[in-house]
Amino acid sequence: NAGVTQTPKFQVLKTGQSMTLQCAQDMNHNSMYWYRQDPGMGLRLIYYSASEGTTDKGEVPNGYNVSRLNKREFSLRLESAAPSQTSVYFCASNPTGFSGNTIYFGEGSWLTVV
Amino acid sequence: DQQVKQNSPSLSVQEGRISILNCDYTNSMFDYFLWYKKYPAEGPTFLISISSIKDKNEDGRFTVFLNKSAKHLSLHIVPSQPGDSAVYFCAASESGSARQLTFGSGTQLTVLP
């Protein structure tokens, strides 16, 4: 039972490098999300996709881009990584954009930018 | 300015006793509140929720209380078990919209055997 799968789990980047975090869900969910979690702060929404083919900015979108490749996959790209983007990133999905009680999270991706 | 605040970063309780985790919010438009539980190296998982039309919701050992006038909610775990040791996040949304979930900073609960 895969649920929401994120790769990579750990990554160290140098400032200015680019990378893509991959996320896939096998639950046929319409909505997908990318969050970041920082010490002393809750999860903050970076971008979300209400359905295949649509993406919208969340609370902290600067420095990121996303692609909803198909219904299953939602990737997060850092074009030019900065130390401020050191964080734990969580992908999530749910059947619709409503009901936080049906949102499923991946296990997280630990990103360090040096 | 954090709209959802969990002022206690950590809490320790003895096994079998009650754990009470607190959460305060400032946005009066929030009408749906949730608690998530997170173990190390895992993503958060949904635990329990409450709509603003209720003041209490119970699910087994877990009860959430909502005091709208005080803009305060709490999660009670009775009895606490060592397996409950985790980080607990409070979250709130407007109209139940998952894309508008606002999370608190979390409370690390440790249940001592």
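Conventions used here
- Position numbers for residues count from 1 along each chain, tracking the sequence in the order it is written.
- Written order determines the labels here, with chains lettered from A and ligands numbered from 1.
- The model is predicted, so local features are restricted to residues of pLDDT at least 70 and side-chain atom pairs to those at 80 or more, both for listing and for counting; the totals for chains, interfaces and linings are taken over all residues.
- By convention in this description, side-chain values take in all heavy atoms of the structure and omit both hydrogens and water.
- Every helix listed is a DSSP run of H or I at least four residues long, and every strand listed is a run of E at least two residues long, numbered separately from the N terminus.
- Here the globule rule is a power law, 2.2 Å times the number of residues to the power 0.38, and the radius of gyration is based on C-alpha atoms.
- Buried means the residue's accessible area, taken with a 1.4 Å probe over protein chains only, is under 20% of the maximum for its type, while exposed means over 50%, and partly exposed covers the values in between.
- The criterion used for residue contact is that any of the two residues' heavy atoms lie within 4.5 Å.
- By the counting rule applied here, Lys and Arg register as positive and Asp and Glu as negative, while His and the ends of each chain are not counted.
- In this description, the location of a charge corresponds to atom NZ of lysine, CZ of arginine, CG of aspartate or CD of glutamate.
- Each pair of aromatic rings taken from Phe, Tyr and Trp, with Trp reduced to its six-membered ring, is defined by centres within 6.5 Å and is described as stacked if the planes are under 30 degrees apart, edge-to-face if over 60, and tilted in the remaining cases.
- Known as pLDDT, the predictor's per-residue confidence is scaled from 0 to 100.
- For this document, the term salt bridge refers to a Lys or Arg side-chain nitrogen within 4 Å of an Asp or Glu carboxyl oxygen.
- Pairs of strands are assigned from DSSP output, requiring at least two bridges between the strands.

**Q** I'd like a rundown of the overall build of chain B, residues and numbers included.
**A** On a plain count of helices and strands, chain B comes out with 0 helices and 11 strands. Each helix (α) and strand (β) of chain B, taken in turn from the N terminus, gives the series β-β-β-β-β-β-β-β-β-β-β. Taken over C-alpha atoms, the radius of gyration comes to 13 Å for chain B, in line with the 13 Å a tight globule of 113 residues would show. Within chain B, the proportion of its 113 residues that are buried is 46%. Taking as baseline every contact in chain B between residues at least 6 positions apart, the subset at least 24 positions apart corresponds to 54%. Averaging the coordinates of the 10 positive side-chain charges in chain B and doing the same for the 10 negative ones gives two points 1 Å apart.

**Q** Break down the packing of aromatic side chains for me, with residues and values.
**A** Both the distance between ring centres and the angle between the ring planes are used here to describe each pair of aromatic rings. In this structure the tally under the stated criterion is 13 aromatic pairs over all chains. Ring geometry for Phe10(A) and Trp110(A): centres 5.6 Å apart, planes at 35 degrees, overall tilted. With Phe10(A) in strand β2 (residues 10–13) and Trp110(A) in strand β11 (residues 109–113), the pair connects residues that are 100 residues apart, well separated along the chain. Taken together, Tyr33(A), Tyr35(A), Tyr48(A), Phe105(A), Tyr36(B), Phe46(B), Phe89(B) and Phe103(B) form an aromatic cluster joined through their ring pairs.

**Q** How would you sum up the confidence of the model for chain A? Please name residues and give values.
**A** Confidence in the prediction of chain A, expressed as mean pLDDT, is 92, and 95% of residues score 70 or more. Looking over chain A, one finds the lowest element-wise mean pLDDT in strand β10 (residues 104–105) of chain A, namely 92, and the highest in strand β8 (residues 74–78) of chain A, namely 98.

**Q** Provide a residue-level description of the pattern of salt bridges, including the pertinent values.
**A** All names here are of chain A. According to the stated counting rule, one finds 7 salt bridges over all chains in the structure shown. Note that aspartate 38 and arginine 36 form a salt bridge whose closest N and O atoms lie 2.9 Å from each other. You can call arginine 36 buried: its relative accessible area is 8%. A salt bridge links aspartate 38 to arginine 44; the nearest nitrogen and oxygen atoms lie 2.8 Å apart. Among the charged side chains, a salt-bridge network with shared partners connects Arg36, Asp38 and Arg44.

**Q** Account for the pairing of strand β7 (residues 62–67) of chain B, with residues named and values stated.
**A** All names here are of chain B. The pairing of strand β6 (residues 56–59) with β7 spans 4 bridges and is classified as antiparallel. Pairing of asparagine 57 across the sheet is with valine 64, part of β7. In this structure, the hairpin formed by β6 and β7 is closed by a connection of 2 residues, where glycine 60 is found at a positive phi of approximately 65 degrees. Sheet topology places β7 next to strand β8 (residues 72–77); 6 bridges connect them, and they run antiparallel. Residue pairing for β8: phenylalanine 65 is matched across the bridge by serine 74. Here β7 hands over to β8 after 4 residues, with lysine 71 in that stretch at a positive phi of 50 degrees.

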